[in-house]
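# Structural features, examined
Residue-level listing of the chains:
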Amino acid sequence: MERVVLVTGASSGVGLALCRRLLEEDGGRIHLCISCRNAQKSEATRECLLAAHPAARVSTVQMDVGDLASVLRAARELRRRFQRLDFVYLNAGIMPNPRVNLTALWHGFLTGKMLHMLTTAEGIMTQTDRLNGDGLQEVFATNLFGHFILVRQLEPLLCGNDNPSHLIWTSSSNARKSSFILSDYQHALGQESYSSSKYATDLTSVVLNRKFNKQGLYSSVVCPGLVMTNMTYRILPVFLWKLLMPIMWLIRFFARTYTLTPYNGAEAHVWLFKQKPEYLDALVKYHSCTSGLGRSYVEPRKIDVDEETAEKLYQKLMELEKQTLEKYSDLLD
């Protein structure tokens, strides 16, 4: 039976690599729906995928997950177009104006914590966030809340099907409890909005399993590792990356999450495509890893989450969802 797969953030990086790998894996038995912010990029991505897999079924839907009206319009279109969704890869995300704290990095070198810092970005990465057009913190809205609204709007396609449906969120090893504060869950007051949004993603996935597993909807989180994408290249000047790349290849012998390429970074995403979601651990994050010799594999690691905090965050998201639907009632069926 043909399976319907939706991928957000599909035009580049891990999202594009995932689409290519899914078509290589099972292109004849899936309908791949790709979502991008820009309609022209969506169509260009579709043509690129079809050039390599002419017989594949690939469609597009325009959606900016950082724009709630765009999410509601896309969800309405998807409900009209499909009767079910088997997989939804919640992959789109942003990291605006990332900066490296060189002082913290040097301190990590002196204290022997540098490898840990390089693999998790703990203490060395900051971002400058801003409000979006909906009055929400942009990183929170794009990385988490837009996807949350999408899932809620697609419940009729995800729940109660003959076979389970699976949500797969792109999280990060940078998702740290220390960066998240429930009273400031949008992270308006801090400088680690990316880390906070990814930790909030982990929390949300845990609660979604508790709420929806009995209805046949399951949720998992993955970490693609350190991947060289457009997002990563903005952290440092290009010439510095060129100087650092040989060192990063060496670090991979000690840090398995230095996947480096989008193809390797999509390993956990593709692995989950082959699993029965009802047998997966809801409290595990699946990490894409690559050995020093280039072998890709998946490593499950327990998520450091407090389930009570997760429930409280979920309630806050539900309250925010109510405000959103009241504001955009004209976009609802």
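Please read these numbers as outputs of a predicted model, since none were measured by experiment.

Rules of the game
Counting restarts for each chain, with residues numbered from 1 along the sequence as it is written. Only residues with pLDDT of 70 or above have their local features reported here, since the model is predicted, and side-chain atom pairs are shown and tallied only from 80 upward, although totals for entire chains, interfaces and linings are computed over all residues. Hydrogens and water are ignored here; the side-chain numbers use all heavy atoms of the structure. Throughout, an axis means a line fitted to C-alpha atoms (over the contacting stretch in the case of helices), and angles, computed between N-to-C directions, take values from 0 to 180 degrees. Only DSSP runs of H or I reaching four residues or more are called helices, and only runs of E reaching two or more are called strands; each is numbered from the N terminus. Any angle that falls under 35 degrees is termed roughly parallel, while one over 145 is termed roughly antiparallel, one within 65 to 115 roughly perpendicular, and all others oblique. Here, two residues are considered to be in contact whenever any of their heavy atoms come within 4.5 Å of each other. Following the grouping adopted for this structure description, the nonpolar residues are Ala, Val, Leu, Ile, Met, Phe, Trp, Tyr, Cys and Pro, the charged ones are Asp, Glu, Lys and Arg, and the polar ones are all others, Gly among them. Note on aromatic contacts: the rings of Phe and Tyr and the six-membered ring of Trp form a pair at centre separations within 6.5 Å, being stacked when their planes are under 30 degrees apart, edge-to-face when over 60 apart, and tilted otherwise. Note on classification: 1.4 Å probe, protein chains only; a residue is buried when its accessible area is under 20% of the maximum for its type, exposed when over 50%, partly exposed between these limits. To sit over a ring, a charge needs its Lys NZ or Arg CZ within 6 Å of the ring centre and within 35 degrees of the ring normal. Basic side-chain nitrogens of Lys or Arg form a salt bridge, by our definition, when they fall within 4 Å of a carboxyl oxygen of Asp or Glu. Paired strands are those between which DSSP finds at least two bridges. Between the first and last residue of a helix there are one fewer steps than residues, each counted as 1.5 Å, and that sum is the expected span. Definition used in this section: a nonpolar core is a set of buried Ala, Val, Leu, Ile, Met, Phe, Trp, Tyr and Cys residues joined via side-chain atoms within 4.5 Å. Criterion for a disulfide: a pair of cysteine sulfur atoms within 2.5 Å. Residues forming no salt bridge and having over 30% relative accessible area are the ones grouped into patches, like charges within 9 Å of each other and nonpolar side chains (Val, Leu, Ile, Met, Phe, Trp, Tyr) within 5 Å. Surface exposure here means Shrake-Rupley accessible area, sampled with a 1.4 Å probe, where a residue is shielded only by the protein chains that are shown.

Take the packing of helix 8 (residues 193-212) against helix 13 (residues 307-327) next. For the pair helix 8 and helix 13, the least separation of the axes is 8 Å and the interaxial angle reads 90 degrees. Regarding the angle of helix 8 to helix 13, the classification is roughly perpendicular. Of helix 13, the residues touching helix 8 (which contributes Ala-200, Leu-203, Thr-204, Val-206, Val-207, Leu-208, Arg-210, Lys-211 and Phe-212) are Glu-307, Thr-309, Ala-310, Glu-311, Leu-313, Tyr-314, Gln-315 and Leu-317. Considering only residue class, the contact of helix 8 with helix 13 consists of ten nonpolar, three polar and four charged.

What follows covers the packing of aromatic side chains. Applying the stated criterion across every chain yields a total of eight aromatic pairs. Plain terms: the ring middles of Phe-87 and Tyr-89 are 6.4 Å apart, the flat faces sit at 15 degrees to each other, and that makes the pair stacked. Pair check on accessibility: Phe-87 and Tyr-89 agree, each one buried. Between Phe-140 and Phe-145, the ring centres sit 5.7 Å apart and the planes meet at 10 degrees, which makes this aromatic pair stacked. Assigned by exposure class, Phe-140 and Phe-145 land together as buried. Within the aromatic cluster, the residues linked to one another by ring pairs are Phe-140, Phe-145, Phe-148, Tyr-185 and Tyr-314. Of note, Arg-21 hangs over the ring of Tyr-263, and the distance from its end group to the ring centre comes to 4.2 Å.

With that out of the way, let us pick up the packing of helix 6 (residues 138-153) against helix 13. Where helix 6 meets helix 13, the closest approach of the two axes is 11 Å, and the angle between their N-to-C directions is 75 degrees. Here helix 13 runs roughly perpendicular to helix 6, going by the angle between their axes. Along the contact surface, helix 6 presents Phe-140, Leu-144, Phe-145, Phe-148, Ile-149, Arg-152 and Gln-153, while helix 13 presents Tyr-314, Leu-317, Met-318, Leu-320, Glu-321, Thr-324 and Leu-325.

Below, the discussion takes up the pattern of salt bridges. The tally for this structure, following the rule as stated, stands at 23 salt bridges. Salt-bridge contacts for Asp-86 lead to Arg-84; the nearest nitrogen and oxygen are separated by 3.2 Å. What makes Asp-86 buried here is its relative accessible area of 6%. A salt bridge links Glu-155 to Arg-152, with the shortest nitrogen-to-oxygen separation between them at 2.8 Å. Residue class for Arg-152 comes out partly exposed when judged on its relative accessible area of 22%. When salt bridges that share partners are traced, they join Arg-210, Lys-211, Glu-307 and Glu-311 into one network.

Strand order across the open sheet formed by eight strands is 3-2-1-4-7-8-9-10, with mixed pairing between neighbours. Here the strands that pair on one side only, and so sit at the sheet edges, are strand 3 (57-62) and strand 10 (296-302). Between one strand and the next, the sheet's axes are offset by a mean angle of 25 degrees, whatever the strand orientation. Note that strand 2 (residues 30-36) and strand 3 share six bridges and pair parallel. Following the sheet pairing, Ser-35 is matched in strand 3 by Val-61. Seen against the sheet, helix 1 (residues 13-26) touches strand 1 (3-8), strand 2, strand 3 and strand 4 (87-90) and runs at an angle of roughly 170 degrees to strand 2. Sitting on the sheet, helix 3 (residues 68-81) is in contact with strand 1, strand 2 and strand 3, with an inclination near 145 degrees to strand 3.

To continue, consider helix 1. Helical geometry: 3.6 residues make up each α-helical turn, so side chains three or four residues apart lie on a common side. Taking 1.5 Å as the rise per residue, helix 1 with 14 residues should run 20 Å; its terminal C-alpha atoms sit 20 Å apart, in good agreement. Counting buried residues along helix 1, ten of its 14 residues qualify, which places the element largely inside the surrounding structure. For helix 1, the set of buried residues is Val-14, Gly-15, Leu-16, Ala-17, Leu-18, Cys-19, Arg-21, Leu-22, Leu-23 and Asp-26.

Grouped together as the largest cluster of nonpolar side chains are 54 residues, with contacts concentrated most on Leu-6, Leu-85, Phe-145, Leu-150, Leu-154 and Leu-167. Ranked by the residues each element gives to this core, the list is headed by helix 6, at eight residues. When neighbours within four sequence positions are excluded, Leu-6 is seen to be in contact with Cys-33, Ser-35, Val-61, Leu-78, Leu-85, Phe-87, Val-88, Tyr-89, Leu-150 and Leu-154. With 32 residues, the next largest nonpolar core counts Val-14, Cys-19, Leu-49 and Val-227 among its residues.

Across all of its chains, the model carries zero disulfides by this definition. Counting only cysteine sulfurs, Cys-289 is the nearest neighbor of Cys-223, a cysteine outside any disulfide, at a range of 7.9 Å. Since its relative accessible area comes to 2%, Cys-223 is described here as buried.

Taken together, the side chains of Leu-250, Phe-253, Phe-254 and Leu-293 make up a nonpolar region of the molecular surface, amounting to roughly 550 Å² of accessible area. Here Phe-254 lies in the loop between helix 10 (238-251) and helix 11 (262-265). Classification of Phe-254 by relative accessible area gives exposed; the value is 66%.

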